[in-house]
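Coordinate analysis (summary)
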Amino acid sequence: MTGYTAPVKDMQFILHDVFGISGFDIPGYADLDRAFTGAVLEEAGKVASAILAPLNPIGDRQGCVLENGTVRTPDGFKAAFETMKQGGWTALDCDPDYGGQGLPYLINCAVGEIFVSANMALNMYQGLTHGAVSAIHTHGTEAQKAQYLPKMIACDWTGTMNLTEPHCGTDLGLLRTKAEPQEEGSYLITGQKIFISAGDHDLAENIIHLVLARAPGGGEGTKGISLFIVPKFLVNDDGSVGARNGISTGKIEEKMGIHGNATCVLNYDGAKGWLLGDLHKGMRAMFTMMNEARLGVGLQGYAVAAAAYQNAAAYAKDRLQGRAMTGAENPQGAADPLIVHPDIRRMLMDQKSFVEGARALTFWGASLIDRAHRNSDAEADGLIGLLTPVIKGFQTDKGFESTVGAQQVFGGHGYIEEQGMSQFVRDARIAMIYEGANGVQALDLVGRKLAADGGNHVMAFFDLVKAECRAHDGDERMKPFADALTTASKQLQAAAMYFMQNGVKNPNAALAGSTDFLHLAGHVCLGLMWTKMAGAAFAALDAGAADQEYLDAKIATGRYYMARQLPACATHLARIESGADPVMALTAEAF
């Protein structure tokens, strides 16, 4: 049986010692002092440890069941969801005009990590609703916002996004679902959607589906797609739930993981829907959800890994196996604990250094979203647009890798379901696929984001890296961090230059190296975060901070990342510069 404890101390260190968030010139941030954020995170941690985490293996074993057209969630999920609703956890950063608490997105993000680590499948029900709320809030009419947002923010009603169809996933230009306009202004939606997370369940009295479909006159491809609000139950004029709409659940997918979340096939048979946003401009409205969702999926990547790491570290300190090669460290026992062995330490350090670096990167990304939205800051918006595919792709690839490493620490016991480690591996795997598979994230980064606004955003990122390295000039303690980050940043710039010089005349030269570029960028991002964290730790030690053991561990973990992980940048650059020929050499028939 696995357990989970919220890493409040580490979150507080990142929020206040590394970033100093209460000093940010972003509306709402002045209230985010250490006492306030600590109280919120501690309370979230109690909910996670006492309620959500014990249900995680139950959800994995039981899964969801389709009975008489309705999905039943696992035992305990409904009561836990009600606890989250009553605690206001579903409304942290939502608009107060519709019942939200109005806190910055950063706080929602930090709390989200805790809930995902404890029970990813259960948290998805309210997480997807949050994305639907954002889309309606941004693109909806005043009447639509008044009708849907209060109930959705409270999670009395939940929300979904409906993109994928049996014949098209990423290529939405092939979408076939139809929307026929009606005289009174509604549309009748007909088609089938698959892979719809939280597509049906018994946790809320209504589900508000946001559905991509084609209305007449839109033309071919993605330019002809519109977005529609299609409730499971029609909503009466007084706001109450009315008759069942023309939506049915065809089946629940049998999946590798996240069994506690119902991934549904939804059939639309003339279901009544209403246009959200402009006609034939549905992709723009949907991407309001997708961009937020991609940061959230990047968070899932490291949050599941964080839970797996906690359990692996505890097991390594408790399990007795073999003797340390340098002499017995537990002479009174029959053997030494696993953690004395260097290869076990390597696996744990890989996990720890990734999780803590990814946490810092995700929190920084969330602050950029707040700055973009609350300050209307175009530079912050451009920078987070650049970083979103990196956060999503790199952190989910490495997050899955970390869960496998945590399972490996358990040896044969990690392969036994009783220990619970395989659930982390299976749950983490989906994050590499949904909300745009990671190969697509890499193509987006190389094909669109690098050149966006004339390359200004990537140049701004390089300037941030240079400034961080220069800030530590003369501090010998920081030299291993600044020197390694400088080298990695130059390798990332060399890769970008290779694409510029070769990608136009041979697009495959860039696309064949896109995943390597995404990982190279991810390592540089985490190197930047570790340099910031080490600088903050040294500053705290210089100021006489009491928790020297924690700060020393933080610095040592950062040194590990710079010495053992950042050198991977050279390998990624070498692969990129090998061009497309090694990748494209075979004919299709040769495979």
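Reading guide: rules and limits
- Residues numbered from 1 in each chain as written.
- Predicted model: local features only at pLDDT ≥ 70, side-chain atom pairs only at ≥ 80, totals over all residues.
- Heavy atoms only, no water.
- Phe/Tyr/Trp six-rings, centres within 6.5 Å; stacked < 30°, edge-to-face > 60°.
- Helix = DSSP H or I, 4+ residues; strand = E, 2+ residues; numbered from the N terminus.
- Buried < 20%, exposed > 50% of the residue type's maximum accessible area, 1.4 Å probe, protein only.
- Lys NZ or Arg CZ within 6 Å of the ring centre and 35° of its normal.
- Salt bridge = Lys/Arg side-chain N within 4 Å of Asp/Glu carboxyl O.
- Expected span 1.5 Å × (residues − 1).
- Axes fitted to C-alpha atoms, helices over the stretch in contact; angles between N-to-C directions.
- Parallel < 35°, antiparallel > 145°, perpendicular 65-115°, else oblique.
- Left-handed = near helix turned anticlockwise from the far one by under 90°.
- Nonpolar A, V, L, I, M, F, W, Y, C, P; charged D, E, K, R; others polar.
- Core = buried A, V, L, I, M, F, W, Y, C linked by side-chain atoms within 4.5 Å.
- Contact = heavy atoms within 4.5 Å.

1. Here we look at the packing of aromatic side chains
With the rule as written, the count across this model stands at 9 aromatic pairs. On the numbers, 4.9 Å between centres and 55 degrees between planes, the contact of Tyr187 with Phe228 is tilted. With a gap of 41 residues between them, Tyr187 in strand E5 (residues 187–197) and Phe228 in strand E7 (residues 225–231) connect regions that are remote in the sequence. Neither Tyr187 nor Phe228 differs from the other in exposure class; each is buried. Summarising the aromatic geometry, the rings of Phe461 and Phe462 are spaced 6.1 Å apart at their centres and angled 55 degrees between planes, so their arrangement reads as tilted. Three or more aromatic residues joined by ring pairs form one cluster here, namely Tyr498, Phe499 and Phe517. The ring of Phe233 is capped by Arg244, whose NZ or CZ atom sits 5.6 Å from the centre of that ring. In this structure, Arg371 is placed above the aromatic ring of Phe24, and the distance from its NZ or CZ to the ring centre is 5.7 Å.

2. What to know about the pattern of salt bridges
Going through the model one piece at a time under the given rule, you end up with 33 salt bridges. Between Asp350 and Arg346 there is a salt bridge; the shortest N-O distance is 3.6 Å. With a gap of 4 residues between them, Asp350 and Arg346 both fall in helix H7 (residues 342–374), about one helical turn apart. When its relative accessible area of 22% is taken as the criterion, Asp350 is described as partly exposed. Judged by its relative accessible area of 30%, Arg346 falls in the partly exposed class.

3. Considering the side chain of Asn311
Topologically, Asn311 is positioned in helix H6 (residues 282–318). Residue Asn311 is classed as buried on the basis of its relative accessible area of 12%.

4. Regarding helix H15 (residues 548–565)
Helix length check: H15 (18 residues) gives 25 Å between terminal C-alpha atoms against 26 Å at 1.5 Å per residue, within 8%. Restricting attention to buried positions, one finds in H15 the residues Tyr550, Leu551, Lys554, Ile555, Thr557, Gly558, Tyr560, Tyr561, Met562 and Gln565.

5. Some words on the packing of H7 against helix H8 (residues 378–409)
Two elements in contact, H7 and H8, have axes separated by 9 Å at closest approach and are oriented at 155 degrees. Here H7 lies roughly antiparallel to H8, going by the angle between them. Relative to H8, the crossing made by H7 is left-handed. When grouped by side-chain class, the residues that make up the contact of H7 with H8 number 17 nonpolar, 8 polar and 3 charged.

6. A word on the nonpolar core
Among the nonpolar cores identified, the biggest contains 163 residues, and Phe115, Phe461 and Phe517 are the most heavily contacted of them. The residues contacting Phe461, other than those within four sequence positions of it, are Leu383, Leu386, Leu387, Leu492, Val524, Cys525 and Leu528. One finds Ala91, Leu172, Leu276 and Met290 within the second-largest nonpolar core, a separate group that totals 31 residues.

7. Things to note about the environment of Leu92
Here Leu92 shows up in the loop between helix H3 (77–86) and helix H4 (105–139). Judged by relative accessible area, which is 4%, Leu92 ranks as buried. As a C-alpha pair, Leu92 and Asp552 span 460 residues in sequence and 34 Å in three-dimensional space. Other than its neighbours up to four places away in sequence, Leu92 contacts Gln101, Gly102, Leu103, Ile107, Asn108 and Val111.

8. Quick look at unusual backbone geometry
Of note, Phe195 is a non-glycine position whose phi angle comes to about 60 degrees, a positive value. On the secondary structure map, Phe195 appears in strand E5. Even without glycine at this site, Ala198 takes up a positive phi of about 55 degrees. Within the element layout of this structure, Ala198 appears in the loop between E5 and strand E6 (206–214). Overall, the relative accessible area of 2% leaves Ala198 in the buried class.

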